[in-house]
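# Residue-level structural notes
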Amino acid sequence: MKFARFGPAGHEQPAVIAKDANGVERHYSLAPITRDIDGAFLAGGGIDRARHALESSNLPTFSPDGLRVGAPIARPGAVICIGMNYAAHAAESGSAPPETPVVFLKPSNTVSGPFDAAPIPPSSEKYDWEVELGVVVGKEASYLSSVEDAAECIAGYLVANDLSERDYQLPGAAGQWTKGKSLPSSTPLGPWLVPADELDGGSLRLRSWVNGEPRQDSSSSDLIFGIATLIHHVSQYMLLEPGDVILTGTPEGVALSGRFLYIQPGDVVELEIEGLGRQQQEFYRAATPAVQASAGLEGNAR
Ligand code: ZN
């Protein structure tokens with residue numbers, strides 16, 4: 001069972017993809033049981049309700065042909081990221097593996113669909129891909145007392161791209177990474193949200209490609225800090241809410257390593273995680289809005 005959302009950005013419809021009685025994979029609308037796949041849906045036992053509705057044949061089928069694929073979770077309250085959580089990636093970034101998790105935030109307005117065309121910022125020369133296992137929080141978590149309790153808070157998993165501008169993140173950061181991690185549409189999610197009880201997130205192969213050439217190829221079994229450990233840790237510092245997304249870090253094989261070119265306009269980046277599907281973005285150069293440029297000129301004239 002895989003959850004997905006289809007339709008124009010901001011107007012996606014909730015769906016579930018599952019095999020029918022004949023073993024044929026079909027798309028079913030979740031409209032009879034929920035308005036969206038969001039934190040309230042997950043916290044209210046939505047995954048079980050969807051499962052029961054499927055078993056009772058209470059969901060209408062539909063064809064996804066021609067429909068945009070949205071992020072599989074409605075806009076999260078928070079996108080929480082873990083930095084340098086694979087030893088080989090820490091090394092290619094010129095850092096020692098961290099002794100405690102590196103935690104940072106991305107604005108939730110960076111979330112975009114898994115196949116949406118992706119903008120490179122107007123003056124960016126070092127835009128980089130990062131395939132990551134994303135964890136969707138299923139229930140509120142605050143000051144958790146054990147890693148076992150943290151494991152209970154996982155609703156499911158998805159593919160994420162933590163697009164990063166390295167000049168803004170590192171030399172331009174003046175100490176921390178927000179400027180390089182907040183760019184519009186820099187967090188493609190999906191195509192699917194797969195429930196945690198159907199998949200072991202701890203040993204999934206993660207891969208990425210640029211224009212068909214392989215870049216990253218690792219396993220989530222190489223995470224320095226495991227998924228439940230991360231949730232337990234993060235809950236000591238912030239309230240995790242249902243629907244929040246935690247990106248668990250990227251493995252080696254990004255352009256920051258110096259081994260590959262950064263993303264160029266026209267490039268196609270693909271990311272895949274075993275069991276969670278594949279996403280693909282074609283990149284273009286974002287234009288500076290004309291209205292913004294003229295406003296700047298007027299400002300200078302005064
Ligand atoms: Zn990342």
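Let us look at the structure shown here. (Residues numbered from 1 in each chain as written. Predicted model: local features only at pLDDT ≥ 70, side-chain atom pairs only at ≥ 80, totals over all residues. Heavy atoms only, no water.)

### Looking at the coordination of the zinc ion
Surrounding the zinc ion are the protein donor atoms E130 (OE), E132 (OE) and D162 (OD), which sit 1.9 to 2.1 Å from the metal. The sequence motif formed by the donor residues of the zinc ion is E-x1-E-x29-D. Of this pair, E130 sits in the loop between β10 (127–128) and β11 (131–137) while D162 sits in the loop between β12 (154–161) and β13 (164–165); the two residues are 32 residues apart in sequence, bridging distant segments of the chain. An identical accessibility class is assigned to E130 and D162; each is buried. (Donors = N, O, S within 2.8 Å, 3.2 Å for Na, K, Ca; no water. Helix = DSSP H or I, 4+ residues; strand = E, 2+ residues; numbered from the N terminus. Buried < 20%, exposed > 50% of the residue type's maximum accessible area, 1.4 Å probe, protein only.)

### Considerations on helix α2 (residues 46–55)
Buried within α2 we find G46, I47, A50, R51 and A53. Down the axis, α2 shows its buried residues gathered within 165° of arc, on one side only. Of the surrounding secondary structure, the elements contacted by the buried residues of α2 are β1 (2–6), α1 (39–43), β12 and β15 (194–195). S57 occupies a position one or two residues after α2 and carries a positive phi of about 55°. (Arc of directions from axis to C-beta. Contact = heavy atoms within 4.5 Å.)

### Quick notes on helix α6 (residues 227–235)
In terms of burial, α6 is a largely internal element, 7 of the 9 residues being buried. Looking at α6, one finds that the buried residues are I227, A228, L230, I231, H233, V234 and S235. Against β6 (79–83), β7 (102–106), β11, α4 (147–151), β12 and β18 (245–247) lie the buried residues of α6.

Shape is all these values report; function is a separate question.
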